[in-house]
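# Per-entry structural report
Below are the chains, spelled out letter by letter.
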Amino acid sequence: MRSVNLLVALILVFLFWALSNEVVFAQSCDSSGAKPALDQNGLLPPKHNPASVAPVNKPDTTEPKELVPSVPMTRETCAAIRLFDASVESERHYDLVNCLDGLTFGFGNWPRGELGEFFQELDQDSDAENALVARFLEVFKANPDAWSSFRKDAGLVDTVDTMTVRTGIKNLLISAKIENARGLKNRSSDGTCVGHPANGKSFYFDHAKWLVPTLEYAFRDPTVVAFQVSFWESDVLSKAKDHAKLLDLPKEGIFLMAFYESNPGQVPSLRTAIKEKKLPKTLRASGKGWKWDGTDRPSALAGISLDRWHTLLLWQAMCPAPNKNFRIRNRNLKFFSEYLGACPRTNV
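The structure displayed is predicted, hence computed values, not measured ones.

## Focus: the confidence of the model for the protein chain
When pLDDT is averaged along the protein chain, the result is 87, and 86% of the positions lie at 70 or above. Contacts from residues 343–348, a stretch scored under 50 in pLDDT, to residues over four places away or in other chains number 14 contacts.

Take a look at the structure:
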């Protein structure tokens, strides 16, 4: 009974969240062939996720139901991205670059520890690499201060051309070997960065003069955004599919596993099963271990399918028990609305 009461409490938390956040649920990922609107430089609009930009026939719309994918992607990828970008505070923007934990960039909110891997992979995609270099070059020709800082940091000659820029990207980004940082949350209430850590503590602060203008501009190029989507699919979604297959989850279970892959700390009791590639015997949620076979599920949920029980159990395992620091991630709340609510959306 206590566990059922907790579920009711979580539903009430969800309802409060839904009323206090501007979120549109069941947003369709069918763009019906609509193309995204680009600016005069061929760039996508700033501060959007790759799955939700204005279409060319309505370039000024902000209505979520009218937004379309910025680059070709499957419905599954589109739905997953929109779940991750559940609210304004999610900041899943393809042109994101901020100082959180020393550096967080791109719609995947990649940490600085993945900087080198990201740009190494991008370097292998000739179209994306050419687009990135061309956009960096445009920034440096228009912004002498950014070029001066980039040239100094990369140890380059004072010649603003494709070859020199490509060398600088290799020296500073492709070759980056940096560990993740924690606790560097130098952000003011409006989202800007304040303070200045010691040199070497934050890639963002060490290189902000050129890093911010180049990434905020180049990461809006459709070809670079397409690479981001591909990298994220490999980095998160493909692994989530493997986890979902292992656990024999329904189709929407892939999204919960994507949440897990993005933050494994959410469900510590699932780590062993995934590591050993076997079904868990129990999963801890609501302060107790529940049998994966569903034989001890609450009587009020005895009538639901085993698939639905597994989905609900995983969802609740990702949500902390109520306490003074109680917080359920917005993406989990949006998932509940779309797949576990009274009228779940089953298509992606």
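## So, the pattern of salt bridges
Across all of its chains, the model carries nine salt bridges by this definition. With a closest N to O distance of 2.6 Å, R166 and E129 form a salt bridge. Taken together, the residues R166 in helix 6 (residues 162–174) and E129 in helix 4 (residues 126–142) connect sequence positions 37 residues apart. Using a relative accessible area of 31% as the deciding quantity, one classes R166 as partly exposed. Among the salt bridges present, the one from R135 reaches E138, with a minimum N-O distance of 3.3 Å. Placement of the pair is R135 and E138 together in helix 4, with a separation of three residues, close to one helical turn. R135 sits in the buried class, given a relative accessible area of 9%. Judged by relative accessible area, E138 falls into the partly exposed class, the value being 33%. Among the ionic contacts, a cluster of salt bridges with common partners joins R135, E138 and D221.

## Regarding helix 3 (residues 115–123)
Among all positions in helix 3, only L115, G116, F118, F119 and L122 are buried. End-on, the buried residues of helix 3 take up no more than an arc of 160 degrees, which puts them together on one face. Contacts from the buried residues of helix 3 go to strand 2 (104–105), strand 3 (110–111), helix 4, helix 6, helix 7 (203–218) and helix 8 (222–246).

## Re the nonpolar core
Where a protein is soluble and globular, its nonpolar side chains tend to be buried together. Ranked by size, the top nonpolar core spans 94 residues in total, and within it F136 and M257 carry the most contacts. For this core, the leading source of residues is helix 8, giving 10 residues. Once residues within four sequence positions are removed from consideration, M257 is found in contact with A240, H243, A244, L247, L249, L270, L314 and M318.

## Considering the sheet that holds strand 2
The sheet built from three strands is open, its strands ordered 1-2-3 with antiparallel pairing. Edge strands, defined here as strands with exactly one partner in the open sheet, are strand 1 (97–98) and strand 3. As paired strands, strand 1 and strand 2 are joined by two bridges and run antiparallel to one another. The residue bridging N98 from the neighbouring strand is T104, located in strand 2.

## Some words on the packing of aromatic side chains
Aromatic ring pairs are reported here in terms of the distance separating the ring centres and the angle at which the planes meet. According to the stated counting rule, one finds 27 aromatic pairs in the structure shown. With a centroid separation of 6.4 Å and an interplanar angle of 25 degrees, the aromatic rings of F105 and F119 are classed as stacked. With F105 in strand 2 and F119 in helix 3, this pair connects stretches of sequence that are 14 residues apart. Like F105, the residue F119 is buried in the burial classification. Looking at K288, its charged tip hangs above the ring of W290, at a distance of 4.2 Å from the centre.

Analysis parameters
- Every chain's residues receive numbers from 1 upward, in the order its sequence appears when written.
- Confidence filtering applies because this is a predicted model: local features only for residues at pLDDT of at least 70, side-chain atom pairs given and counted only at 80 or more, and all residues used for totals across whole chains, interfaces and linings.
- No hydrogens and no water enter the side-chain calculation; it runs on all heavy atoms of the structure.
- The pLDDT score gives, residue by residue, the confidence of the prediction method on a 0 to 100 scale.
- Contact between two residues is taken to exist if any of their heavy atoms lie within 4.5 Å; hydrogens are not considered.
- By salt bridge we mean one thing: a side-chain nitrogen of Lys or Arg within 4 Å of a carboxyl oxygen of Asp or Glu.
- Helix and strand definitions here come from DSSP, where helices need a minimum of 4 consecutive H or I residues and strands a minimum of 2 consecutive E residues; each element is numbered from the N-terminal end.
- Relative accessibility decides the category of a residue: with a 1.4 Å probe and only protein chains considered, values under 20% of the type maximum give buried, values over 50% give exposed, and everything between is partly exposed.
- The reported arc concerns the directions from the helix axis to the C-beta atoms and nothing else.
- We call a set of buried residues a nonpolar core when its members are Ala, Val, Leu, Ile, Met, Phe, Trp, Tyr or Cys and they connect through side-chain atoms within 4.5 Å of each other.
- Strands are labelled as partners when DSSP assigns at least two bridges between them.
- Planes of paired rings set the category: under 30 degrees apart is stacked, over 60 is edge-to-face and the rest tilted, where pairs are Phe, Tyr or Trp rings (Trp by its six-membered ring) whose centres lie within 6.5 Å.
- Put simply, a charge is over a ring when the Lys NZ or the Arg CZ is close to the ring centre, within 6 Å, and near the line of the ring normal, within 35 degrees.

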